[in-house]
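Chain by chain, the residues run as shown.
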Amino acid sequence: MTNDPLLQPYRLKHLMLKNRVMSTAHEPAYSEDGLPKARYRLYHAEKARGGMALTMTAGSALVSRDSPAAFGNLHAFRDEIVPWLAELTEACHEHDCKVMIQLTHLGRRTGWNTGDWLPVLSASPVREPAHRAFPKQAEDWDIERIVADYAAAAQRMQAAGLDGIEFEAYGHLMDSFWSPATNRREDAFGGALDNRLRFAFQVIEAVRAAVGPDFVVGVRLVADEDWQKGLSREEGMEIARRLAGCGKVDFLNIIRGHIETDAALTGVIPISGMASAPHLDFAGAVRADTKFPVFHAARIADVATARHAIAAGKLDMVGMTRPHIADPHIVQKILAGEEDRIRPCVGATYCLDRIYEGGEALCIHNAATGREATIPHVITRSDGPLKRVVVVGAGPAGLEAARVAAERGHKVTVLEAAPLAGGQVRLAAQNPRRRELIGIVDWRLAELERLGVDIRYDCWAEQDDVTALCPQMVLIATGGLPQPPPLEAGAELVTTSWDILSGAAKPAGSVLVYDDNGGHQGMSAAEIAASSGAAVELVSPERFFAPEMGGMNHVPYMRAFHRHGVLVTINTRLLAVRRVGNQLAAVLGSDFAPDWREERLVDQVVAEHGTAPLDELYLALKPLSRNRGAVDYERLVSGGAIFPCKDAAAPFDLARIGDAVASRNVHAAIYDGIRYALRI
């Protein structure tokens, strides 16, 4: 027994939820052909194993064919989904974790040129900027068939053994009828609030008739669009009251804000540098007003905030969705008295940015999430011989490799050239808005201390330093150093983004930032330079800039750029730099018009072109190693011993990971670290 508010059971209708922690609906894009097969099941089962009381699948599952998938959505309109969902539900029930699913018609929040190429529709023909489709106004026969589709989809979910469903009503078809911003109708579905709610209540009535009175049905709804032309707080609260009082809905899952642009979306789902739990008090106000079960999630990233949400009576169930992508075992660690060992969600939102850019959800620093079939979340001790392991470099790749190798029982020594660990993560965290990233480093350092790993700082390791430790496995995680872009002349005159981020170089009066990488590095350098008062122009050779960054992380950069007057120039290359008196002339060119050239006279040119591997030590150790540095990639991916023996007399195997191989990103470094260390 415990007095922890988070661990108290909660009764929802006939369901007994074992604690107050849930994962709200989101689409990780792990589906195959619209079905939740093995990868999807293992992802949710891992969270169930980790102790949460309720996992809400899909984000959202589609009830109709003319709601084509935008984020790898599940196809709730197909009978084939039932056995797959039944298998998922059973896997979660084994751990006493209840399973629900979110159902929707995406309305205008999708594209017409995918799926069956059917027209996108909405309450009125108002375009959503994010997905760019021009919707048709839903006709009477559209409404009739979609209501029936909701009922049929709900029956499929009930047949699969799920514990309940919720309807999505923010930014999708249902609430497009609610909002004055998207409903311009003059018929029975427009105008007064009663009319605007007509479609939603037709759906609720039809679903209740299909599934009966006992099946749990909820609504995830926007109760305030926080938008001058949108749904007001007053009308949103009235909708919440009507849903709570209708007798056919069992819970409300509260959202505040609107999502039709990237900028608006980050107000609903905040990222790093934004306020924690910004809508918690609003959700609590809805609960106080309706006296009805209320769920909510929006950057409730830590246990203390989640505990407060329950203890203060603001919520009945607290959603910790991105935190469970970072660590699916949060509740188990609370139960074990190991809250300090919870891997933190650092707000990087790499997960959602990947989804919205057409990829699958991956955590920036938990490579096991979404890869449960091949990468364990809990590292077990090796059943083979224990080895002496030397890891050179304490950036994200090296720290992860050291952590996993030590968990496996190996004796690990880390050699780091700098006085502090973290590598490029520590550099990225120098941007004040992104300082939470340091949690990637701090969590691993705490784990290494617990595991007794020896970290030696200020050690620029050379061949003799490594061989003196008599290793049986050497992992080179030395990272890379910034490299200039290919220029005709003047590379020596260029300042690197690292110089700006670290403070080694101060931004001058006028700065041209040339970003030939497309990630955070160049954008952060431009933001810091502009924030210091410099006049900044960001130049990119891409047809749209920062292509390696998703839309949600793009938002705060553009906010800063507009605030500080940063000029953005795309489709333009930096060709050369030369001195002109006390200034620099940046010579610009175009891939599209080879004869076109233009110059900018500036005080400083900052360039970002990724990193070149710092591989001297690797190359020195390679001829001394058993495998000569070779790795069997097929076995690395599919399983088995990955280091081929090329010299049986050599004392150690050797591999390099992270940016010591090639310039990539934090997730790639973490993934290298864990999958190589698991094979030792």
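You'll find the chain entered in an unreviewed UniProt entry as FAD-binding protein, with Nitratireductor arenosus given as the organism. Taken verbatim from the UniProt record of the chain, the Sequence similarities (unreviewed entry) comment is "In the N-terminal section; belongs to the NADH:flavin oxidoreductase/NADH oxidase family."

Taken in spatial order, the eight strands close into a barrel running 3-4-5-8-9-10-11-12, and their pairing is parallel. Averaged over all neighbouring strand pairs, the angle between strand axes comes to 25°, with direction disregarded. As paired strands, strand 9 (residues 216-222) and strand 10 (residues 251-255) are joined by five bridges and run parallel to one another. In the strand pairing of strand 10, Val219 is matched with Leu252.

With that settled, the discussion passes to the packing of aromatic side chains. In this structure the tally under the stated criterion is eight aromatic pairs. Ring geometry for Tyr30 against Tyr43: centres 5.1 Å apart, planes inclined by 90°, an arrangement best described as edge-to-face. A residue pair is termed long-range when its members are at least 10 positions apart, and Tyr30 in the loop between strand 3 (21-23) and helix 1 (38-49) and Tyr43 in helix 1 qualify at 13 residues. Ring-pair connections join several aromatic residues into one group, and the members of that group are Tyr150, Phe167, Phe177, Phe189 and Phe199. The ring of Tyr671 carries Arg371 above its face, with NZ or CZ at 3.7 Å from the centroid. Note that Arg675 overlies the ring of Tyr671, its terminal NZ or CZ placed 4.0 Å from the centroid.

One pass over the full model with this rule turns up three cavities of 30 Å³ or more. Looking at the largest cavity, its volume works out to about 460 Å³. Contributing to the lining of the largest cavity are 31 residues, with Ala25, His26, Tyr170, Arg220 and Ile269 lying nearest its centre. Those elements giving two or more residues to the lining of the largest cavity turn out to be strand 4 (54-62), helix 8 (262-268), helix 11 (321-326) and helix 13 (350-356). Among the elements that make up the lining of the largest cavity, the one with the highest residue count is helix 11 (four residues). The residue makeup of the lining of the largest cavity, split by class, is 17 nonpolar, eight polar and six charged.

Where helix 14 (residues 396-407) contacts helix 23 (residues 666-677), the axes come no closer than 7 Å and their chain directions differ by 25°. Accordingly, the angle class assigned to the pair helix 14 and helix 23 is roughly parallel. The chirality of how helix 14 crosses helix 23 is right-handed. Contacts between helix 14 and helix 23 pair Pro396, Ala397, Glu400, Ala401, Arg403, Val404 and Ala405 from the former with Val666, Ala669, Ile670, Gly673, Ile674 and Ala677 from the latter.

Moving on, we get to the UniProt feature "domain: FAD/NAD(P)-binding" (unreviewed entry) in the chain. Sequence positions flagged by UniProt for "domain: FAD/NAD(P)-binding" (unreviewed entry) are, in local numbering, residues 388-649. Annotated as 31% helix and 25% strand, the span residues 388-649 places its first and last C-alpha atoms 17 Å apart.

We now examine the side chain of Thr89. Mapped onto the secondary structure, Thr89 falls in helix 2 (residues 81-93). Residue Thr89 is classed as buried on the basis of its relative accessible area of 2%. Of note is the side chain of Thr89, whose polar atom sits 2.8 Å from the backbone oxygen of Leu85. Not counting residues within four places of it along the chain, the set of residues in contact with Thr89 comprises Val99, Ala160, Gly161 and Leu162.

If you check UniProt for "domain: NADH:flavin oxidoreductase/NADH oxidase N-terminal" (unreviewed entry), the listed places come out as residues 6-338 in our numbering. Note that residues 6-338 is 36% helix and 16% strand, and that its end C-alpha atoms are spaced 15 Å apart.

All right, on to the layout of surface pockets then. Taken as a whole, the second largest pocket holds about 850 Å³ of empty space. In terms of lining residues, the second largest pocket is bounded by 32 residues, among which Ala130, Arg132, Asp262, Tyr356 and Glu357 are the most central. For the lining of the second largest pocket, the element with the highest residue contribution is helix 20 (residues 551-564), accounting for four residues. Looking at the lining of the second largest pocket residue by residue, the class counts come to 18 nonpolar, 10 polar and four charged. Inspection of the lining of the second largest pocket shows a minimum of three residues originating in each of domain 1 (5-339) and domain 3 (484-609).

As a further point, take the pairing of strand 14 (residues 411-415). Most of strand 14 is tucked away, with four of its five residues classed as buried. Sheet topology note: the strand 13 (residues 388-392)/strand 14 ladder contains five bridges and is parallel. Residue pairing across strands places Val390 opposite Thr413, the latter belonging to strand 14. In this fold, the crossover linking strand 13 to strand 14 by way of helix 14 has right-handed handedness. Where strand 14 and strand 15 (residues 454-456) come together, three bridges link them in parallel fashion. Within the sheet, the bridge partner assigned to Thr413 lies in strand 15 and is Asp454.

A word on the packing of helix 1 against helix 2. Axis separation between helix 1 and helix 2 bottoms out at 8 Å; the angle between their running directions is 20°. Classified by the angle between their axes, helix 1 and helix 2 sit roughly parallel to one another. In this structure, helix 1 crosses over helix 2, and the sense of that crossing is right-handed. Of the residues in helix 2, those in contact with Tyr40, Arg41, His44, Ala45 and Ala48 of helix 1 are Glu87, Leu88, Ala91 and Cys92. Among the residues making up the contact of helix 1 with helix 2, the classes are represented as six nonpolar, one polar and two charged.

By the element assignment, Arg433 lies in the loop between helix 15 (423-428) and helix 16 (438-451). For Arg433, a relative accessible area of 15% puts it in the buried group. Engagement of the side chain of Arg433 in a polar contact is seen with the side chain of Glu527, the distance being 2.9 Å. Not counting residues up to four positions away in its chain, the partners in contact with Arg433 are Ser272, Gly273, Glu527, Pro556 and Tyr557.

Tracing the sequence through the fold places Asp340 in the loop between helix 12 (330-335) and helix 13. Taking C-alpha positions, Asp340 is 41 Å from Leu624, a pair spaced 284 residues apart along the chain.

About the cut-offs
Residues numbered from 1 in each chain as written. Predicted model: local features only at pLDDT ≥ 70, side-chain atom pairs only at ≥ 80, totals over all residues. Heavy atoms only, no water. UniProt positions renumbered as here; feature names shortened; annotations may be inferred. Pairing = 2+ DSSP bridges. Helix = DSSP H or I, 4+ residues; strand = E, 2+ residues; numbered from the N terminus. Axes fitted to C-alpha atoms, helices over the stretch in contact; angles between N-to-C directions. Phe/Tyr/Trp six-rings, centres within 6.5 Å; stacked < 30°, edge-to-face > 60°. Lys NZ or Arg CZ within 6 Å of the ring centre and 35° of its normal. 1 Å grid on protein atoms, 1.4 Å probe; cavity = no way out; pocket = protein on both sides within 12 Å on 5 of 7 lines; lining within 4 Å. Points joined across faces, edges and corners; volume = space filled by probe spheres on them. Nonpolar A, V, L, I, M, F, W, Y, C, P; charged D, E, K, R; others polar. Parallel < 35°, antiparallel > 145°, perpendicular 65-115°, else oblique. Left-handed = near helix turned anticlockwise from the far one by under 90°. Contact = heavy atoms within 4.5 Å. Buried < 20%, exposed > 50% of the residue type's maximum accessible area, 1.4 Å probe, protein only. Polar contact = N/O pair within 3.5 Å; in protein donor to acceptor, adjacent residues only side chain to side chain. Domains from an automatic or database assignment. Right-handed = clockwise from strand over helix to strand, strands pointing away.

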